[in-house]
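Survey of secondary and tertiary structure
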Amino acid sequence: MKDLSSVRQDLHDAILREIDLSREVSDEEIEEIINSSILNAGKNLFLSLEEKQRLMRELFDSIRKKGVIQTLIDDPQVTEIMVNGTENIFIEKAGELFKWDRRFESKEALNDVIQQIAAGSNRVVNEASPIVDARLENGSRVNIVMNPVALNGPVITIRRFPDNPIKMEDLIRFGSITAEAVEFLRKLVISGYNIFVSGGTGSGKTTFLNALSSFIPEDTRVITIEDSAELQIQGIPNLVSLETRNANVEGCKPITMRDLIKSSLRMRPDRIVVGEVRDGAAFDFLQAANTGHDGSLSTGHANSAKDMISRLETMVLMAGMELPLQAIRRQIASAVDIIVHLGRMRDKSRKVMEISEITGYLDGEVAIEPVYKLVNGKLKKSGSLKFTEKLERSGFT
């Protein structure tokens, strides 16, 4: 007697042969074909009601959705999905990482899901172009790495964001930041301070940037620029969202983060929000922040607020600009007002570790002073804001 996985594969192949690919087939028609196929299979095999229902769900997911991982994608408690080849699927749930008890039935099934994800974001991924960033319909961020780069088979990493964007009130409730610090940042955003959010992988930079952007005045024209659209900025009617594009086999040229930042300057932005800078785009972001676009926001990977300055220096050099280090540091000191550094604690919680002000260029270095700092697990005020002109112009004292 065949096991359920063999039955599922046979039914999957039979259903695909029955579907009329020459026209658009609705979900209802797919479900009818699946129901009919399972009923016919039930005449020769004893299948319980639970097994039939499971087959229906899995077959529909494999044909219309993301196969075996669709259940995880639909689970709001799952924050990360890691597919390591066909055999191993790991998930992060409630801050804990563990191996899931299911797997892809075949390499073909895994590849079908990969191609479906890539096509949904108008991206191409294959052995000639084995690395791609994409997103799902629900806004989840996806990274795909295929062989020959991935030696143990195709790898999919999905970062799932909450269905309802996390707000500052939620971060206060979680203990990630204090109400006093939130009020401080609210005034800075309204007043047009250029703010950079730094932190390690998984520290919550994008989540924090989303929450921070809720303080942008609604009468502002905002342009967001991302590699893969993740930001969920709400309450801004005059919002333009731009996304990079990879080169493809049809001969379309890539559109990079640098291209989009340069183009955004001609779109009459009040503020520019760059999802993350990780290369020479840092130079263009600094240029934008230095040319009258006060209130610009961005994120970057770093181990501390001070380290973020060094990372920005390195990324500007990656742009190929033959600028002396002193000139780059002066650019950073002039463009960035505040650095908010996030960290992930041992208990898996995410906290604001430091809110620091860049106070200028002094003795060949970018001077930075903490205004709030995490002490014994509590974010406490450790200094005062030195440059208050923007606050005063906005009516804050």
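Right above here is the structure, for reference.
Now for a look at the structure at hand.

Definitions and cut-offs
Residues numbered from 1 in each chain as written. Predicted model: local features only at pLDDT ≥ 70, side-chain atom pairs only at ≥ 80, totals over all residues. Heavy atoms only, no water. Helix = DSSP H or I, 4+ residues; strand = E, 2+ residues; numbered from the N terminus. Buried < 20%, exposed > 50% of the residue type's maximum accessible area, 1.4 Å probe, protein only. Contact = heavy atoms within 4.5 Å. Areas by Shrake-Rupley, 256 points an atom, 1.4 Å probe, with all protein chains shown as cover. Pairing = 2+ DSSP bridges. Arc of directions from axis to C-beta. Phe/Tyr/Trp six-rings, centres within 6.5 Å; stacked < 30°, edge-to-face > 60°. Lys NZ or Arg CZ within 6 Å of the ring centre and 35° of its normal. Axes fitted to C-alpha atoms, helices over the stretch in contact; angles between N-to-C directions. Core = buried A, V, L, I, M, F, W, Y, C linked by side-chain atoms within 4.5 Å. Salt bridge = Lys/Arg side-chain N within 4 Å of Asp/Glu carboxyl O.

1. Re the overall build of the chain
Helix and strand counts for the chain come out as 13 helices and 15 strands. Burial statistics for the chain: of 397 residues in total, 48% are counted as buried. Restricting the contact set of the chain to residue pairs at least 6 apart, pairs at least 24 apart contribute 56%. Surface summary for the chain: the accessible area is close to 20000 Å², and the carbon and sulfur share equals 50%.

2. A short note on the environment of Glu96
Here Glu96 shows up in strand β3 (residues 96–99). Glu96 sits 251 residues away from Asp347 along the chain, and the two C-alpha atoms are 9.7 Å apart.

3. What to know about the pairing of strand β13 (residues 350–362)
Where strand β12 (residues 338–344) meets β13, seven bridges bridge the pair, whose relative direction is antiparallel. Note on β13: the bridge partner recorded for Leu342 is Val352. Where β13 meets strand β14 (residues 365–375), eight bridges bridge the pair, whose relative direction is antiparallel. Across the sheet, Leu362 pairs through a bridge with Glu365, a residue of β14. Following β13, the chain reverses through two residues before pairing antiparallel with β14; Asp363 in that reversal takes a positive phi of roughly 55 degrees.

4. Details of helix α9 (residues 257–264)
Among the residues making up α9, those that are buried are Met257, Arg258, Leu260, Ile261 and Ser264. Buried residues of α9, viewed axially, fall in a sector of 165 degrees; they line one side.

5. Regarding the packing of aromatic side chains
The tally for this structure, following the rule as stated, stands at two aromatic pairs. Lying over the aromatic face of Tyr193, Lys390 brings its terminal NZ or CZ to 5.5 Å of the ring centre.

6. Points about the environment of Ala179
Here Ala179 shows up in helix α7 (residues 179–191). The spacing of Ala179 and Gly204 is 25 residues in sequence and 18 Å in space, taken between C-alpha atoms.

7. As for the sheet that holds strand β10 (residues 271–274)
The sheet built from nine strands is open, its strands ordered β9-β8-β10-β11-β7-β12-β13-β14-β15 with mixed pairing. Strand pairing shows two members of the sheet lacking a second neighbour, β9 (239–243) and β15 (378–381), which therefore form its edges. Between one strand axis and the next, the sheet turns through 25 degrees on average, direction left out of account. One ladder, built from five bridges, connects strand β8 (residues 222–226) with β9; its direction is parallel. Across the sheet, residue Val222 finds its bridge partner in β9, namely Leu239. Packed onto the sheet, helix α10 (residues 281–289) meets β7 (195–199), β10 and β11 (297–301) and runs at close to 160 degrees relative to β10.

8. Focus: the sheet that holds strand β1 (residues 78–84)
Ordered in space as β3-β2-β1-β6-β5-β4, the six strands form an open sheet in which the pairing is antiparallel. One side of each edge strand has no neighbouring strand; the edge strands of this open sheet are β3 and β4 (131–135). The average undirected angle you get between the axes of adjacent strands in this sheet is 15 degrees. Note: β1 against strand β6 (residues 155–159), five bridges, orientation antiparallel. Counted as the bridge partner of Asn84 is Val155 from β6.

9. Focus: the nonpolar core
In terms of nonpolar packing, the biggest core is built from 36 residues, with Phe208, Leu212 and Ile355 touching the most fellow members. Listed by contribution, the elements that provide at least two residues to this core are α6 (168–174), α7, β7, α8 (205–213), β12, β13 and β14. Each residue touching Ile355, except ones within four places of it in the same chain, is listed here: Ala181, Phe184, Leu185, Ile338, Ile339, Val340, Pro370, Val371, Tyr372 and Leu379. Counting 34 residues, the second-largest nonpolar core is a separate cluster that includes Ile272, Val274, Ile332 and Ile339.

10. Topic: unusual backbone geometry
In the segment running from Asn147 into Pro148, the intervening peptide bond is cis, with an omega of 15 degrees. Note on placement: Pro148 falls in the loop between β5 (141–145) and β6. Look at Arg268: it is not a glycine, yet its phi comes out positive at around 55 degrees. Within the secondary structure, Arg268 is located in the loop between α9 and β10. One non-glycine residue, Asn376, adopts positive backbone phi at about 55 degrees. Looking at the secondary structure, you find Asn376 in the loop between β14 and β15.

11. Some remarks on the pattern of salt bridges
Across all of its chains, the model carries 17 salt bridges by this definition. Here Asp337 makes a salt bridge to Lys390, at a shortest N to O gap of 2.9 Å. Within this pair, whereas Asp337 is found in the loop between α12 (325–335) and β12, its partner Lys390 is found in helix α13 (residues 389–393), the two being separated by 53 residues in sequence. Neither Asp337 nor Lys390 differs from the other in exposure class; each is buried. One continuous salt-bridge network, built from bridges that share partners, spans Arg123, Arg135 and Glu243.

All quantities given are derived from atomic positions and should not be read as evidence of function.
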